[in-house]
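Now for the letters of each chain:
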Amino acid sequence: MARNKKELKKITQDLSDKGLEIISFKSESQAPIVSERVQKQKPWVFFGADNLWPEALIQMADNSALHSSILGTKAKMIAGDGVIYDGTGSKKAEKFLEDATNMHGGLNRTINKMATDVAYFNSFYTNVQFNVGNKIGEIRHLDYSFVRSGKIGLDTRKVNEYWMSTRWDIATSKRTYSPDDEIYRPTEILAFDEKKIRDKISKKNGQLIVAKTYEPSTLYYTKPTYIGCVNQIQVAAKIANFHKNQLDNGMTGNLHLHLKQDLSDTTKRVKMLKELNAQYAGTNNAGRIFLTWGVGEANIPEVNTINTSDVHGALSELNTRTNEEIAMAHQISRSIVGLDQSTGLGGLEISNALDMFQTVYVSPSQQLIEDTFNDILKFNGISATIKIERLRPSTLVLDKELMKLSATVDEIRDIANLEPFEDEEIGSKLLIQVENGSRAISGDTERQD
């Protein structure tokens, strides 16, 4: 390997001496490094090389339409359709959870936030405050991206505290804080520990309950379930960015500009190449100028148009393959995310796909939330448990396009967990009369034209 590198360097240098410079117009595309880095100078554990891995995941979602849509679907399904109480203390549990979450939007909104964090990060944090009776009196969700773990204690062999900041890009490198930045100084929150309820920090900031799944080779944090498609998500964003900039440039082709002048001075040439690479590399410069140089008899530059039609075709094919890989990494059926509409799948096929997704992903994710609330109820001595009610598939997939693909009204009602009509003619008439199928779903058969 070392010998090949030396030969490559020599060949490149020989070509450069002859006036032929190889310029690679590209931006290096690397997935953020998922690491847990302990530093002596900081009381928290770095999440990612720059301590900004959660922020990187959020940015990836913001830049990919498909990925963001899948995360939204997963969050909705995890949040479900309310909770079901079970046990002798059901009424007491319902009142307690509503009262404890009331200051932060109520129980349903709290569960929605937790579900979103599970979809994005495969984990979530719950901040609890204690009342005068040393019982939990207030429950609130704490944004996963705001929290960093403390180090494992040598005496307890577990994490004893966590740190919260709304801007880790500032807090990671700060040593002293100006008055304007003081709000970003990390705040210490103790890990949930019944023995430390009366601790000064617990009284001020409460304690933190951590819900996460097991991840090999990780001690402090978790990896998202879609970790295998991080590169594909970035590729999809770059493809969209390329097409946008191509439109911004009036769909003009790329230009190759060859300057017939002497740039043999290494220092001068390196400086120019660095400037060119910084300006023209990457997808932000679709439809720009590529520059080469060489000594010739004339001083007039040659300008040649580069056809980009083949580029668009290749990118379209790449985008299709990339979207399929993203859906696969999310463990979600292509039919659910709309990649298979052209195949004419009916409502039952999509319902089966949703059942499978519910089993392999949604239910285990809901278990994280259910266990957290059930542990809180048990800690407060309330004899009851909660279970998140499964979200009706109609909430996700029964839109106008799906109605066109569904074969019968009974299939639609089956997806919506409704009984079929006793009179088949009623269903047939409704399918014809109601274009979007909303009355068929709701069962409203009183209004007949």
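The shown structure was predicted, so the numbers you read here are calculated from the model rather than taken from an experiment.

Participant: Hey, could you run me through the pattern of salt bridges in this one?
Facilitator: Note that side chains of opposite charge can pair when their charged atoms are close. In this structure the tally under the stated criterion is 6 salt bridges. A salt bridge links Lys95 to Asp99; the nearest nitrogen and oxygen atoms lie 2.7 Å apart. Of the two residues, Lys95 and Asp99 both sit in helix α4 (residues 90-101), 4 residues apart, roughly one turn of that helix. Lys95 sits in the exposed class, given a relative accessible area of 56%. According to the relative accessible area criterion, Asp99 is partly exposed, its value standing at 46%. For Asp169, the salt bridge identified is with Arg167, shortest N-O distance 2.8 Å. In this structure Arg167 comes out as partly exposed when scored by relative accessible area, which is 33%.

Participant: What is the right way to read helix α2 (residues 53-62) from this model?
Facilitator: Helical geometry: 3.6 residues make up each α-helical turn, so side chains three or four residues apart lie on a common side. Within the sequence span of α2, burial applies to Trp53, Pro54, Ala56, Leu57, Met60 and Ala61. End-on, the buried residues of α2 take up no more than an arc of 160°, which puts them together on one face. Every exposed residue of α2 that faces more than 90 degrees away from the buried side is listed here: Gln59 and Asp62.

Participant: So what exactly am I meant to see when it comes to the sheet that holds strand β7 (residues 161-164) here?
Facilitator: Strands sit in the order β5-β4-β9-β8-β7-β6 across an open sheet of 6 strands; the sheet is mixed. Either end of the sheet is taken by a strand with one partner, and the two such strands are β5 (136-142) and β6 (147-149). The mean inter-strand angle of the sheet, taken between neighbouring strand axes irrespective of direction, is 35°. Pairing of strand β8 (residues 187-191) with strand β9 (residues 207-212), which is carried by 2 bridges, proceeds in the parallel orientation. Note that in β9 the partner of Ala191 across the bridge is Leu208.

Participant: Got a minute to help me understand the nonpolar core in this structure?
Facilitator: Soluble globular proteins tend to pack their nonpolar side chains together in the buried interior. Ranked by internal contacts, the top residues of the largest apolar core, which has 73 residues, are Phe96, Leu97, Ile139, Ile369 and Phe373. It is helix α11 (residues 347-379) that provides the largest number of residues to this core, a total of 12 residues. Setting aside chain neighbours within four positions, we find Ile369 in contact with Ile78, Ile111, Met114, Ala115, Phe124 and Ile388. Within the second largest apolar cluster, 6 residues are counted, among which are Trp44, Phe46, Trp163 and Tyr177.

Participant: Explanation requested: the environment of Pro224 in the structure shown.
Facilitator: Looking at the element boundaries, Pro224 is found in the loop between β9 and α8 (230-248). Residue contacts for Pro224: discarding those within four places in its chain leaves Trp53, Leu57, Tyr120, Phe121 and Asn122.

Participant: Sorry, what's going on with the pairing of strand β3 (residues 83-86) here?
Facilitator: Burial along β3 is one-sided: the face carrying Val83 and Tyr85 is buried and the face carrying Ile84 and Asp86 is not. Looking at chain direction, β3 and strand β13 (residues 385-388) are connected through 4 bridges and run antiparallel. What sits directly across from Tyr85, in β13, is Ile386.

Participant: Just checking my understanding: could you explain helix α5 (residues 107-121) for this structure?
Facilitator: The terminal C-alpha atoms of α5 lie 21 Å apart, and with 15 residues this matches the ideal 21 Å at 1.5 Å per residue to within 8%. Three or more residues of α5 are buried, namely Leu107, Thr110, Ile111, Met114, Ala115, Asp117, Val118, Ala119, Tyr120 and Phe121. Once α5 finishes, Asn122 follows within two positions and takes phi at roughly 70°, a positive value.

Participant: Would you take a moment to explain the side chain of Ser64 for this structure?
Facilitator: Along the chain, Ser64 turns up in the loop between α2 and α3 (65-79). Discounting residues that sit within four places of it in the chain, Ser64 has contacts with Ile233 and Ala236.

Participant: Help me understand the packing of α3 against α5, please; the structure alone is not making it clear to me.
Facilitator: Two elements in contact, α3 and α5, have axes whose closest approach is 8 Å; the angle formed by their N-to-C orientations is 135°. Relative to α5, the element α3 lies oblique. Crossing handedness for the pair α3 and α5: right-handed. For the pair formed by α3 and α5, the contact residues are Leu71, Lys74, Ala75, Ile78 and Ala79 on the first element and Ile111, Asn112, Ala115, Thr116, Val118, Ala119 and Tyr120 on the second. Here the contact of α3 with α5 is composed, by residue class, of 9 nonpolar, 2 polar and 1 charged.

So, how was this worked out
Sequence order as written defines the numbering, with residues in each chain counted from 1. It should be noted that, the model being predicted, local features are given only for residues of pLDDT at least 70 and side-chain atom pairs only at 80 or more, the latter also being counted only at that level, while totals for whole chains, interfaces and linings use all residues. The side-chain numbers reported here are obtained from all heavy atoms of the structure, hydrogens and water having been left aside. A pairing counts as a salt bridge when a side-chain nitrogen of Lys or Arg comes within 4 Å of a carboxyl oxygen of Asp or Glu. For helices the rule is a DSSP run of H or I covering at least 4 residues; for strands it is a run of E covering at least 2, with both sets numbered from the N terminus onward. Between buried and exposed lies partly exposed: a residue is buried under 20% and exposed over 50% of the maximum accessible area for its type, with that area taken using a 1.4 Å probe on protein chains only. This arc describes the spread of directions from the helix axis toward the C-beta atoms. Pairing between strands requires that DSSP locate at least two bridges from one strand to the other. Only the stretch in contact is used when a helix axis is fitted, and all axes are lines through C-alpha atoms; the angle between N-to-C directions ranges over 0 to 180 degrees. What makes a nonpolar core is a set of buried Ala, Val, Leu, Ile, Met, Phe, Trp, Tyr and Cys residues whose side-chain atoms join them at distances within 4.5 Å. The contact rule is simple, with two residues in contact once any of their heavy atoms fall within 4.5 Å. Multiplying one less than the number of residues by 1.5 Å gives the expected span of a helix. The cut-offs work like this: below 35 degrees is roughly parallel, past 145 is roughly antiparallel, 65 to 115 is roughly perpendicular, and the gaps in between are oblique. Crossings are classed by handedness, with left-handed meaning an anticlockwise turn of the near helix from the far one by less than a right angle and right-handed meaning a clockwise turn. Three classes are used, and their members are as follows: Ala, Val, Leu, Ile, Met, Phe, Trp, Tyr, Cys and Pro are nonpolar, Asp, Glu, Lys and Arg are charged, and the others, Gly among them, are polar.

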